[in-house]
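Spelled out, the chains give:
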Amino acid sequence: MIGGMGTVGLIAGKEIRDAVRNRWVAAATLLLAALAFVLTFLGSTPTGTLEAKPLAVTVVSLASLTIFLVPLIALLLSYDAFAGEAQRGTLLLLLTYPTTRWRILLGKFLGHTAVIAIATIIGYGAAGLAAGLATGGSDPASWRAFVALLATSIMLGSVFIAMAYVASLSVREPSTAAGIAIGLWLFFVLLFDLGLLGLLVSTKGQISPTVFPYLLLLDPADIFRLFNLSAFDNVRVFSGLAGLSGAVNLSPGLLLAALTVWIALPLGWSAWLFRGREL
């Protein structure tokens, strides 16, 4: 058992070193930090008149940024995790070692998730600290919301890493996997909400209020948005979702559980595909 988990750790470490060598960590961290600082200081300008905490404003701004940026970074980081390595022959070499395929998958997943975590914590953390300390500190509720944002941003990245593995294991060419990855980003980040809006318009709003909230659970980006903009009172009031959170009666615990399921399902699908894949 120890040896097996040690193998997982070695594979995870390899993925982190590869990301550092290919400058993925530096690029993602700098991109997240730069945009986070811009949004933080632009968004904190009106807080004096609105009496909103700067860190609460930062959470609202970064939640919107995360939905677009973190899934894209996660997909681009991991879409060739299997198709690319199989083409280069390194995956076949890895399978010659005394380990199992699920340990290889888990090691890669933990390594790629660690890259997202490093970039998110450093990039967003610096902006959050700046926002919190700019006015001599912030209230505990805002810090809890900010920590929850960091944690769920990493979870959202993990969802799309697992999706990228499904794409990478479903095809032979890395370029095809890249196309599928971009399609996944477009669907879940942009097209799903447009489709849901079209459904509401076409049915003239006749969808049952008890059904509509659960349709949002079909998109991990919507789950992330709902949790971070409605789970904390100070953030919810400033984000403008105070009314929506009453209509969409989904508890924070349910939203976190749904996001966890979104990680587990594509990761399990990836394990099934990897087990049957011939190299």
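Now for a description of the structure that goes with this document. All values derive from a computational prediction rather than experimental measurement.

**Examining the overall build of the protein chain**
- Across its full length, the protein chain carries 14 helices and zero strands.
- Here the protein chain holds 279 residues, and 48% of them are scored as buried.
- The long-range fraction of contacts in the protein chain, counting pairs at least 24 apart against all pairs at least 6 apart in sequence, stands at 84%.
- Summed over all atoms, the accessible surface of the protein chain reaches about 13100 Å², with 71% contributed by carbon and sulfur.

**Some points on the packing of aromatic side chains**
- Tallied over the entire structure, the rule returns seven aromatic pairs.
- An angle of 85° between the planes, with centres 6.1 Å apart, marks the rings of Trp143 and Phe146 as edge-to-face. In this pair, Trp143 and Phe146 are both assigned in helix α8 (residues 140–170), three residues apart and thus about one turn of the helix distant.
- Here the aromatic residues Phe160, Phe187, Phe188, Phe192 and Trp262 are joined through ring pairs into a cluster of three or more.
- The ring centre of Phe274 lies 5.2 Å from the NZ or CZ of Arg101, which sits over that ring.
- For the cation-ring pair, Lys108 lies above Phe82, with the distance from its terminal atom to the ring centre recorded as 5.6 Å.

**Observations regarding the nonpolar core**
- Membership of the largest hydrophobic core comes to 76 residues, with the highest contact counts inside it found for Phe82, Tyr124, Phe146, Phe160, Tyr165 and Val235.
- With 16 residues, the single largest contributor to this core is α8.
- Among all residues touching Tyr124, those that are not within four sequence positions of it are Leu32, Ala36, Leu62, Leu65, Thr66, Val70, Ala119, Phe146, Leu150 and Ser153.

**Re unusual backbone geometry**
- The phi dihedral of Arg23 falls on the positive side, at around 65°, and the residue is not glycine.
- Take Arg23: it is sitting in the loop between α1 (2–21) and α2 (24–43).

**Some details on helix α9 (residues 174–202)**
- Its axis deflected by about 50° at Leu191, α9 carries its strongest bend there.
- Taken residue by residue, α9 has Pro174, Ala177, Ala181, Trp185, Phe188, Val189, Phe192 and Leu196 as its buried positions.
- Packing partners of the buried residues in α9 comprise α4 (54–78), α5 (83–88), α8, α10 (212–215), α11 (220–230) and α14 (252–276).
- Where α9 terminates, the next one or two residues include Lys204, which has phi positive at roughly 55°.

**Observations concerning α8**
- Look at α8: 45 Å from first C-alpha to last across 31 residues, which is about the 45 Å you get at 1.5 Å a residue.
- The buried fraction of α8 is high, at 24 of 31 residues.

**Overview of the side chain of Thr113**
- Locating Thr113 in the fold gives a position in helix α7 (residues 101–134).
- Leaving out residues up to four positions away in the same chain, Thr113 has contacts with Ile154, Ser158 and Ile161.

**So, the packing of α8 against α9**
- With their axes 9 Å apart at the nearest point, α8 and α9 run at an angle of 140° to one another. On the basis of the axis angle, α8 is oblique to α9. The hand of the α8/α9 crossing is right-handed. The segment α8 lies against α9, with Phe160, Met163, Ala167 and Ser168 engaging Ala177, Ile180, Leu184 and Phe188.

**Quick notes on the pattern of salt bridges**
- Under the counting rule described, the total for this entry stands at nine salt bridges.
- Of the charged contacts, one joins Glu15 and Lys108 as a salt bridge, the two residues approaching to 2.8 Å between their closest N and O atoms. A residue pair is termed long-range when its members are at least 10 positions apart, and Glu15 in helix α1 and Lys108 in helix α7 qualify at 93 residues.
- A salt bridge links Glu85 to Lys108; the nearest nitrogen and oxygen atoms lie 2.8 Å apart. One end of the pair, Glu85, is in helix α5; the other, Lys108, is in helix α7, with 23 residues separating them in the sequence. Lys108 matches Glu85 in its accessibility class, with the two residues each being buried.
- Overlapping salt bridges, with partners in common, bring together Lys14, Glu15, Asp18, Arg21, Glu85 and Lys108 in one network.

**Re the packing of α8 against α14**
- Two elements in contact, α8 and α14, have axes separated by 8 Å at closest approach and are oriented at 25°. One finds that α8 runs roughly parallel with respect to α14. The way α8 lies across α14 gives a crossing that is left-handed. Contacts between α8 and α14 involve Thr152, Met155, Ser158, Val159, Ala162, Met163, Tyr165, Val166, Leu169 and Ser170 from the former and Leu256, Leu259, Thr260, Trp262, Ile263, Pro266, Leu267, Trp269, Ser270, Leu273 and Phe274 from the latter.
- Considering only residue class, the contact of α8 with α14 consists of 16 nonpolar, five polar and no charged.

**Overview of the side chain of Glu15**
- Classification of Glu15 as buried rests on a relative accessible area of 6%.
- The contact partners of Glu15, leaving out residues within four places of it in the chain, are Glu85, Lys108, Gly111 and His112.

Rules of the game
Residues numbered from 1 in each chain as written. Predicted model: local features only at pLDDT ≥ 70, side-chain atom pairs only at ≥ 80, totals over all residues. Heavy atoms only, no water. Helix = DSSP H or I, 4+ residues; strand = E, 2+ residues; numbered from the N terminus. Buried < 20%, exposed > 50% of the residue type's maximum accessible area, 1.4 Å probe, protein only. Contact = heavy atoms within 4.5 Å. Areas by Shrake-Rupley, 256 points an atom, 1.4 Å probe, with all protein chains shown as cover. Phe/Tyr/Trp six-rings, centres within 6.5 Å; stacked < 30°, edge-to-face > 60°. Lys NZ or Arg CZ within 6 Å of the ring centre and 35° of its normal. Core = buried A, V, L, I, M, F, W, Y, C linked by side-chain atoms within 4.5 Å. Bend = angle between axes of the 7 residues up to and from the residue. Expected span 1.5 Å × (residues − 1). Axes fitted to C-alpha atoms, helices over the stretch in contact; angles between N-to-C directions. Parallel < 35°, antiparallel > 145°, perpendicular 65-115°, else oblique. Left-handed = near helix turned anticlockwise from the far one by under 90°. Salt bridge = Lys/Arg side-chain N within 4 Å of Asp/Glu carboxyl O. Nonpolar A, V, L, I, M, F, W, Y, C, P; charged D, E, K, R; others polar.

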